[in-house]
Amino acid sequence: MSRAVLSIGSNVGDSLAHLRSVVTALGSHLVAASAVYSTAPWGGVEQQDFLNAALLADDPASSPREWLDFARACEEAADRVRVERWGPRSLDVDIVVCDDVVSHDPELLLPHPRAHERAFVLIPWLDVDPSATLEADGTTLALADWLSALSEEERAGVRRTDMTLDTAEPT
Ligand SMILES: Nc1ncnc2c1ncn2[C@@H]1O[C@H](COP(=O)(O)OP(=O)(O)OP(=O)(O)O)[C@@H](O)[C@H]1O
Ligand SMILES: Nc1nc2c(c(=O)[nH]1)N=C(CO)CN2
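Residues numbered from 1 in each chain as written. Chains lettered and ligands numbered in written order. Predicted model: local features only at pLDDT ≥ 70, side-chain atom pairs only at ≥ 80, totals over all residues. Heavy atoms only, no water.

## Notes on the overall build of the protein
- For the protein, the helix and strand inventory stands at five helices and 10 strands.
- Computed over its C-alpha atoms, the radius of gyration of the protein comes to 15 Å, within 12% of the 16 Å expected for a compact globule of 171 residues.
- Reported as C-alpha extents along the three principal axes, the dimensions of the protein are approximately 40 × 40 × 30 Å.
- Out of the 171 residues in the protein, the part that is buried amounts to 49%.
- Taking as baseline every contact in the protein between residues at least 6 positions apart, the subset at least 24 positions apart corresponds to 68%.
- In the form shown here, the protein has an accessible surface area of approximately 8,600 Å², with 51% of it arising from carbon and sulfur atoms.
- Treating the 13 positive side-chain charges of the protein as one cloud and the 29 negative ones as another, the clouds have centres 3 Å apart. (Helix = DSSP H or I, 4+ residues; strand = E, 2+ residues; numbered from the N terminus. Rg over C-alpha atoms; globule rule 2.2 N^0.38 Å. Buried < 20%, exposed > 50% of the residue type's maximum accessible area, 1.4 Å probe, protein only. Contact = heavy atoms within 4.5 Å. Areas by Shrake-Rupley, 256 points an atom, 1.4 Å probe, with all protein chains shown as cover. Lys, Arg positive; Asp, Glu negative; His and termini not counted. Charge placed at Lys NZ, Arg CZ, Asp CG, Glu CD.)

## Focus: the site of ligand 1
- Taken together, the neighbourhood of ligand 1 is formed by 16 residues, with R72, I95, E107, R114 and R118 sitting nearest.
- In this structure, an oxygen atom belonging to ligand 1 sits 2.7 Å away from a side-chain N or O atom of R118.
- Here ligand 1 has 620 Å² of accessible area as a free molecule, and 85% of this is covered by the chains.
- Elements with a contribution of two residues or more to the shell around ligand 1: α2 (64–77), β5 (92–98) and β7 (108–110).
- For the shell around ligand 1, the leading source of residues is β5, giving three residues.
- Of the residues that constitute the shell around ligand 1, the class distribution is six nonpolar, one polar and nine charged. (Near = heavy atom within 4 Å. Polar contact = N/O pair within 3.5 Å; in protein donor to acceptor, adjacent residues only side chain to side chain. Nonpolar A, V, L, I, M, F, W, Y, C, P; charged D, E, K, R; others polar.)

## Observations regarding a negative patch on the surface
- On the surface, a cluster of negative charge is contributed by E117, E135, D137, E153 and E154.
- Locating E154 in the fold gives a position in helix α5 (residues 152–156).
- Judged by relative accessible area, E154 falls into the partly exposed class, the value being 33%. (Patch = residues over 30% accessible without salt bridge, like charges linked within 9 Å, V, L, I, M, F, W, Y side chains within 5 Å. Salt bridge = Lys/Arg side-chain N within 4 Å of Asp/Glu carboxyl O.)

## A closer look at the UniProt feature "domain: 7,8-dihydro-6-hydroxymethylpterin-pyrophosphokinase" (unreviewed entry) in the protein
- Those residues carrying the UniProt feature "domain: 7,8-dihydro-6-hydroxymethylpterin-pyrophosphokinase" (unreviewed entry) are residues 85–96 in this numbering.
- Helix makes up 0% of residues 85–96 and strand makes up 42%, while its end C-alpha atoms are separated by 18 Å. (UniProt positions renumbered as here; feature names shortened; annotations may be inferred.)

## Description of the pattern of salt bridges
- Evaluation of the coordinates by the stated rule reveals nine salt bridges.
- E107 is the salt-bridge partner of R65, the closest N and O atoms lying 3.6 Å from each other. Residue R65 is found in helix α2, and its partner E107 is found in the loop between β6 (103–105) and β7; the two are separated by 42 residues along the sequence.
- Here R65 falls in the partly exposed class, since its relative accessible area comes to 37%.
- Taking relative accessible area as the criterion, E107 reaches 42% and is therefore assigned partly exposed.
- In this structure, R118 engages D94 in a salt bridge whose closest nitrogen and oxygen atoms are separated by 3.9 Å. Of this pair, R118 sits in the loop between β7 and α3 (119–128) while D94 sits in strand β5, and the two are 24 residues apart along the sequence.

## As for unusual backbone geometry
- The omega torsion across L110 and P111 is -10°, close enough to zero to call that bond cis.
- Topologically, P111 is positioned in the loop between β7 and α3.

Set out below in C-alpha cells:
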C-alpha cells in the first residue's frame, strides 16, 4: 500500500479550480480531502494570500517517485511556471509524507522538510489525519504539538473558508 499526504496550494488564477483539478486527477485514489483554507503567504515573499488544502491519497501501485511524477503532472496541467522560490504559483503540489518512507534525495525529500514549520500544511493535514505524527530534525511529534510550536500569528494566518473541494459543487 502507498498512502500519501499531499499539500496543495494556489494563489494565481482560479485557485479553487486549480486545487479541485488535483482531486479530479486522483479520482478513486482520494481517501479524504480537508477544508479549503485562505492562508497568509509564508516565506517572506510579498504576494496574494493562498488557498491551501491537504489530501489523503491511496494507490497500492504508486511508489513515492510516482507520487512526485503525479504532483508535477498536476502542476504542469495548471500551467505552472517556476519564477521565484516561495513566490506566486497557479498550483503547488507537495508530497508531505508517503507511508513511513524517509528519503534524502533532493528531488524527493520525505517527510517534506518544511512541513512542520508551516501552519498552512499542518492545519489542513489535521483535518484528514488527526492522529498523524511527523518527524523533523530528529524529533517526532503529533501534528497538534508541531502546531503549538508555531507563533500565534502563523496559526491565525490560516483561516477556514466555506469553499469545498467537492468537484460536484459549483465554484
Ligand atoms: N516532498 C517533496 N514534494 C514535492 N517536491 C519535492 C519534495 N522534496 C523535494 N522536492 C523537490 O523540490 C523541488 C522544488 O519544488 P517547488 O518548486 O514546488 O518548491 P517550492 O514549492 O518553491 O518550495 P518548497 O519545497 O519549500 O515547498 C522540486 O523539483 C521537487 O523535486
Ligand atoms: N500560505 C502559503 N504560503 C506559501 C505557499 C503556500 O502554499 N501557502 N507555498 C509556497 C511555495 O512553496 C510559499 N508560500
